[in-house]
Amino acid sequence: MENSNIKLFVILVFLSSLLQLCKASKLRFDGKNGEFRILQVADMHYGDGKTTPCEDVLPEQMHSCSDLNTTAFILRMIHAEKPHLIVFTGDNIFGFDAKNAVKSMNAAFAPAISSNIPWAAILGNHDQQSTLSREGVMKHIVGMKNTLSLLNPPDIPDIDGFGNYNLEVQGIEGSKLANKSVLNLYFLDSGDYSSVPSIPGYGWIKPSQQFWFQRTSTKLKKTYMHNSNAKKAPAPGLAYFHIPLPEYSSFDSSNFTGVRQEGISSASINSGFFTTMVEAGDVKAVFAGHDHKNDFCGKLMDINLCYAGGFGYHAYGKAGWSRRARMVVASLEKTGKGGWGAVKSIKTWKRLDDEHLTTIDTQVLWSKSSTGARRKKPIGHQ
């Protein structure tokens, strides 16, 4: 019986690894323009559709405003920006106002599914407050059409949370980097609320998750820098999770792009994940949600810490301050004879859900030319 259980576990790990490999290899840069475009949708707070009212909109909007406004905004963004990947960064449904979690998720993700665009999702702190547990919510998401979401890495069965996984974006078909990941995407479950009585407030990224991130980052760097067509520097990485890190509090209006209109609702303790990313050296930007009235990006120790701003109409916001979405576009460098090489830059901007889908706050998050450009100073000298 014991041997049978071991064999069954090995088979399940193999099948799960095969699924992960299959999903991870579906993304590739566009061969026409050398771009990879990511749409971030933060905090939809979807409820029960047309019967769920909007929060914090102008009085003249109230009578006709519902979850369907959120759906319409996603469709507008898909049509305008033509993303290669849509990332939903948690609080996808607002559990307290979703009578049936499955129905609410099906409606919330419907625009992504109908568009046939690959999409990925992680959990926030409200997704499990309806009729499914956090594990149940993530399992449903993983089984949906066109999603690249994964429950967890199969080789770390005791990892904390649900929805810890990575996706690889390969170079252009026919190029020397066609079979290498030139852009790495990390997704982590930042939890919901603290389960430690002496620590109040929200959840955080745990040591088991950081161990997985470190190991995955190391493996990706080794593959990119030491195998065929080896590169001198790691491929850039982007990280997505719901609850902002305490380091988001490091900025003020003089050193970020965007607005800060509320406090930083991070965990009340610092689990050290920012330091872990700095040490790894490949993550160039982090994207969070959670604080709907913040939409800024600020750079700390060569890592951009970004908010998307509130997207959903059933989420709290600020009347007269448009719901918004964040775009991230990575671009490849041109090589000799019209070929394509590694990622040369990563840019971002936001779109407002107004009449013209206004674009604001365009900025370069990272460029290949800036790598290694830190000012060097000997330790111990003034």
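Rules of the game
- Residues numbered from 1 in each chain as written.
- Predicted model: local features only at pLDDT ≥ 70, side-chain atom pairs only at ≥ 80, totals over all residues.
- Heavy atoms only, no water.
- Helix = DSSP H or I, 4+ residues; strand = E, 2+ residues; numbered from the N terminus.
- Rg over C-alpha atoms; globule rule 2.2 N^0.38 Å.
- Buried < 20%, exposed > 50% of the residue type's maximum accessible area, 1.4 Å probe, protein only.
- Areas by Shrake-Rupley, 256 points an atom, 1.4 Å probe, with all protein chains shown as cover.
- Lys, Arg positive; Asp, Glu negative; His and termini not counted.
- Charge placed at Lys NZ, Arg CZ, Asp CG, Glu CD.
- Phe/Tyr/Trp six-rings, centres within 6.5 Å; stacked < 30°, edge-to-face > 60°.
- Lys NZ or Arg CZ within 6 Å of the ring centre and 35° of its normal.
- Pairing = 2+ DSSP bridges.
- Axes fitted to C-alpha atoms, helices over the stretch in contact; angles between N-to-C directions.
- Contact = heavy atoms within 4.5 Å.
- Disulfide = S-S within 2.5 Å.
- UniProt positions renumbered as here; feature names shortened; annotations may be inferred.

Within the protein one finds eight helices and 14 strands. Its C-alpha atoms give the protein a radius of gyration of 21 Å, within 12% of the compact-globule value 21 Å for 382 residues. For the protein, the spread of C-alpha atoms along the principal axes amounts to about 65 × 60 × 50 Å. Out of the 382 residues belonging to the protein, those deemed buried represent 54%. As displayed, the protein has an accessible area near 17200 Å², and 55% of this comes from carbon and sulfur atoms. Here the protein contributes 42 positively and 34 negatively charged side chains, and the mean placements of these two sets differ by 10 Å.

Let us look at the packing of aromatic side chains. Evaluation of the coordinates by the stated rule reveals 18 aromatic pairs. With centroids separated by 4.6 Å and ring planes inclined at 25°, the aromatic side chains of Phe109 and Trp119 adopt a geometry described as stacked. With Phe109 in the loop between α4 (101-108) and α5 (110-115) and Trp119 in strand β4 (residues 119-122), the pair connects residues that are 10 residues apart, well separated along the chain. Taken individually, Phe109 and Trp119 each receive the classification buried, so the pair is uniform in this respect. Between Phe296 and Tyr307, the ring centres sit 5.1 Å apart and the planes meet at 80°, which makes this aromatic pair edge-to-face. Here Phe296 is found in the loop between β9 (283-288) and β10 (297-300), whereas its partner Tyr307 is found in strand β11 (residues 303-307), with 11 residues between them in sequence. Of the residues examined, Phe296 reaches a relative accessible area of 0% and is grouped as buried. Positioned above the aromatic ring of Trp321, the side-chain terminus of Arg324 is 3.6 Å from the ring centre.

The next subject is the sheet that holds strand β12 (residues 324-334). Sheet architecture is open: six strands sit in the order β4-β3-β2-β12-β13-β14, paired in mixed fashion. Looking at the sheet topology across the chains shown, the edges are occupied by β4 and β14 (359-367). Averaged over all pairs of adjacent strands, the angle between their axes in this sheet comes to 20°, without regard to strand direction. Across six bridges, strand β13 (residues 340-352) lies against β14 in antiparallel orientation. The residue bridging Thr348 from the neighbouring strand is Gln363, located in β14. Along the sheet, helix α3 (residues 67-81) makes contact with β2 (35-41), β3 (85-89), β12 and β13, crossing β13 at roughly 140°.

Using the criterion set out here, one finds two disulfides in the structure. Here Cys54 connects covalently by a disulfide to Cys65, the sulfurs 1.9 Å from one another. On the sign convention where negative means left-handed, the S-S torsion of about -85° between Cys54 and Cys65 marks this disulfide as left-handed. Here Cys54 is found in the loop between β2 and α2 (59-62), whereas its partner Cys65 is found in the loop between α2 and α3, with 11 residues between them in sequence. On the basis of relative accessible area, Cys65 is assigned to the buried category, the value being 8%. Covalently, Cys297 is tied to Cys306 through a disulfide, its sulfur atoms 2.0 Å apart. Taking the torsion about the sulfur-sulfur bond, which here is approximately 120°, the covalent link between Cys297 and Cys306 counts as right-handed.

Another aspect to go through is the UniProt feature "domain: Calcineurin-like phosphoesterase" (unreviewed entry) in the protein. When the UniProt feature table is mapped to this numbering, "domain: Calcineurin-like phosphoesterase" (unreviewed entry) covers residues 36-293. End-to-end, the C-alpha atoms of residues 36-293 are 27 Å apart, and along that stretch the chain is 27% helix and 16% strand.

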